[in-house]
Amino acid sequence: MTRALILGGTSDASQLAAEIARAGLDAVYSYGGRTRAPAEQPLPTRIGGFGGVSGLADYMRREGITHVIDATHPFAAEMSRNAVAACAETGTPLIALERTPWAKTPGDNWIEVADVNAAVAALPELPAKVFLAIGRQHIAPFATKPQHAYTLRFVDPPDAPLPFAADVIVSRGPFTLDGELNMLRTRGIMWIVARNSGGDGARAKIDAARTRDLPVIMIARPELPGRQRVESVAEIMQWLGHRTCLGA
């Protein structure tokens, strides 16, 4: 009997959960617990961390998990590494549902950097209006350049003081090109800092930056251990041994 564990929190994971539910498969959807009001799923859902590699391995044994699908955000590196280690420890098959990274196209003004600290260093010294599209867990290093006027966008309002003064937008994607163009224009944004998340839901800000000829400091994805990965829900369903006809 198949009993899958979906490590979720992304739109891709929600699409997968819907398809697994339609197929009548036994599965559990796991949220990391960072969002206060996560989207409801058509599967049994758990919220919160597992307690590292050993905690995840114990959970998998206790719940009879036979397959693990890592459909977390491409920058949820700790969870992805824990999944690789826990699946190796328990001998459980693992696959990643991973979006294709964005690729630089003609007209893009990207400064590609390896990590958040390098992104801070790439910002100019003269004051500028900067949109940090990187999530609230990664903003602290930008406090070393307090001369900038930062705009942040979160799914939930901040529950603790920010490390610097900022204009905070509370909104949940996906976002449209027109909406992003309006946001950049009305706030006078001069620089964008983004993570190379890939996918369509967050791409509008990259297209808007190209339209307005704005520089984008693009943070590369973290390196992860080798693992099987695919880019579509249909491939996951085939891996689970079920044919699927998405959109039928």
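Whatever comes next refers back to the structure up there.
Before going into details, it helps to say that this report is about the structure given with it. For every chain, the first residue of its written sequence is number 1, and the numbers climb from 1 along that sequence. It should be noted that, the model being predicted, local features are given only for residues of pLDDT at least 70 and side-chain atom pairs only at 80 or more, the latter also being counted only at that level, while totals for whole chains, interfaces and linings use all residues. Note: side-chain values were computed over all heavy atoms of the structure, leaving out hydrogens and water.

Here, any two strands with at least 2 DSSP bridges between them count as paired. Secondary structure counts use DSSP, requiring at least four H or I residues in a row for a helix and at least two E residues in a row for a strand, with both numbered from the N terminus. The strand order across the open sheet built from six strands is β3-β2-β1-β4-β5-β12, with neighbouring strands paired in parallel fashion. The outermost strands of the open sheet, each flanked by one partner alone, are β3 (45–47) and β12 (229–230). Judged from the three bridges that link them, strand β4 (residues 67–70) and strand β5 (residues 94–97) form a sheet pairing that is parallel. Within β5, the residue paired with I69 across the bridge is I95. We call two residues contacting when some pair of their heavy atoms lies within 4.5 Å. Fitted lines through C-alpha atoms serve as axes, helices being fitted only where they are in contact, and the angles separating the N-to-C directions of these axes extend from 0 to 180 degrees. Packed onto the sheet, helix α2 (residues 52–63) meets β1 (3–7), β2 (26–31), β3 and β4 and runs at close to 150° relative to β1. Where helix α3 (residues 77–90) meets the sheet, it contacts β1, β4 and β5, and its direction lies at approximately 160° from that of β5.

Moving on, we get to the sheet that holds strand β7 (residues 129–133). Spatial strand order, β6-β11-β10-β7-β8-β9: six strands in an open sheet with parallel pairing. The sheet is open, and its two borders are formed by β6 (109–113) and β9 (166–170), each paired with just one other strand. Across this sheet, the average inter-strand angle for adjacent strands is 20°, counted without regard to direction. With four bridges joining them, strand β10 (residues 191–195) and strand β11 (residues 215–219) adopt parallel strand pairing. Note that in β11 the partner of I192 across the bridge is V216. Strands β6, β7, β10 and β11 of the sheet are contacted by helix α6 (residues 204–211), whose axis makes an angle of about 150° with β10.

Moving on to the pattern of salt bridges. Here, a salt bridge means any side-chain nitrogen of Lys or Arg that lies within 4 Å of a carboxyl oxygen of Asp or Glu. For the structure shown, the criterion picks out 17 salt bridges. Taking the shortest distance from any N to any O, the salt bridge between D167 and R187 comes out at 2.9 Å. Highlighted residues: D167 in strand β9 and R187 in the loop between α5 (177–186) and β10, separated in sequence by 20 residues. Residue exposure (1.4 Å probe, protein chains only): buried if accessible area is under 20% of the type maximum, exposed if over 50%, otherwise partly exposed. Among the residues examined, D167 registers a relative accessible area of 33% and is labelled partly exposed. The partner of D207 in a salt bridge is R203, and the shortest N-O contact between them spans 3.3 Å.

Turning our eyes to something else, we now look at α6. Across the eight residues of α6, six count as buried, placing the element largely inside the fold. A204, K205, I206, D207, A208 and A209 are the residues of α6 that are buried. If you follow the buried residues of α6, they end up packed against β6, β7, α5, β10 and β11. Once α6 ends, the next one or two residues include D213, with phi positive near 55°.

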